[in-house]
Amino acid sequence: MAILCGYLEPLSALIFSAFFLRERLSAVQLLGAVLILGGAVASELLQKKNRHSR
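Procedures and definitions
- Residues numbered from 1 in each chain as written.
- Predicted model: local features only at pLDDT ≥ 70, side-chain atom pairs only at ≥ 80, totals over all residues.
- Heavy atoms only, no water.
- Helix = DSSP H or I, 4+ residues; strand = E, 2+ residues; numbered from the N terminus.
- Rg over C-alpha atoms; globule rule 2.2 N^0.38 Å.
- Buried < 20%, exposed > 50% of the residue type's maximum accessible area, 1.4 Å probe, protein only.
- UniProt positions renumbered as here; feature names shortened; annotations may be inferred.
- Phe/Tyr/Trp six-rings, centres within 6.5 Å; stacked < 30°, edge-to-face > 60°.

## A look at the overall build of the protein
No. 1: Within the protein one finds two helices and zero strands.
No. 2: Relative to the 2.2 N^0.38 estimate, which gives 10 Å for 54 residues, the radius of gyration of the protein is 14 Å and therefore markedly larger than a compact globule would have.
No. 3: If you line up the protein on its principal axes, its C-alpha atoms span 45 × 20 × 10 Å.
No. 4: Buried residues in the protein amount to 11% of all 54 residues.

## Here we look at the UniProt feature "transmembrane region" (unreviewed entry) in the protein
No. 1: Taking the numbering used here, the UniProt-annotated feature "transmembrane region" (unreviewed entry) corresponds to residues 27-46.
No. 2: Across residues 27-46, the secondary structure splits into 100% helix and 0% strand, with the terminal C-alpha atoms separated by 28 Å.

## A closer look at the packing of aromatic side chains
No. 1: Across all of its chains, the model carries two aromatic pairs by this definition.
No. 2: Each ring, one from phenylalanine 16 and one from phenylalanine 20, has its centre 5.9 Å from the other, and the planes form 35 degrees; the classification is tilted. One end of the pair is phenylalanine 16 and the other is phenylalanine 20, both in helix α1 (residues 2-20) and four residues apart, which spans about a single turn.
No. 3: With a centroid separation of 5.0 Å and 80 degrees between ring planes, the pair formed by phenylalanine 19 and phenylalanine 20 is classed as edge-to-face.
No. 4: Residue phenylalanine 19 is classed as exposed on the basis of its relative accessible area of 53%.
No. 5: Taking relative accessible area as the criterion, phenylalanine 20 reaches 57% and is therefore assigned exposed.
No. 6: Among the aromatic residues, those joined into a cluster by ring pairs are Phe16, Phe19 and Phe20.

Dropping the structure here:
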């Protein structure tokens, strides 16, 4: 679970900079956010699958 928080740190920085500093997010930044979330979700799902198969 701690790893998941590490994955989400860059994402939270993007969100906070857009919200508080009114910075515009580029397409590359949005793509990076999607990849971070996708990787975190995939990692969690694979871990759960491996725990159940044992």
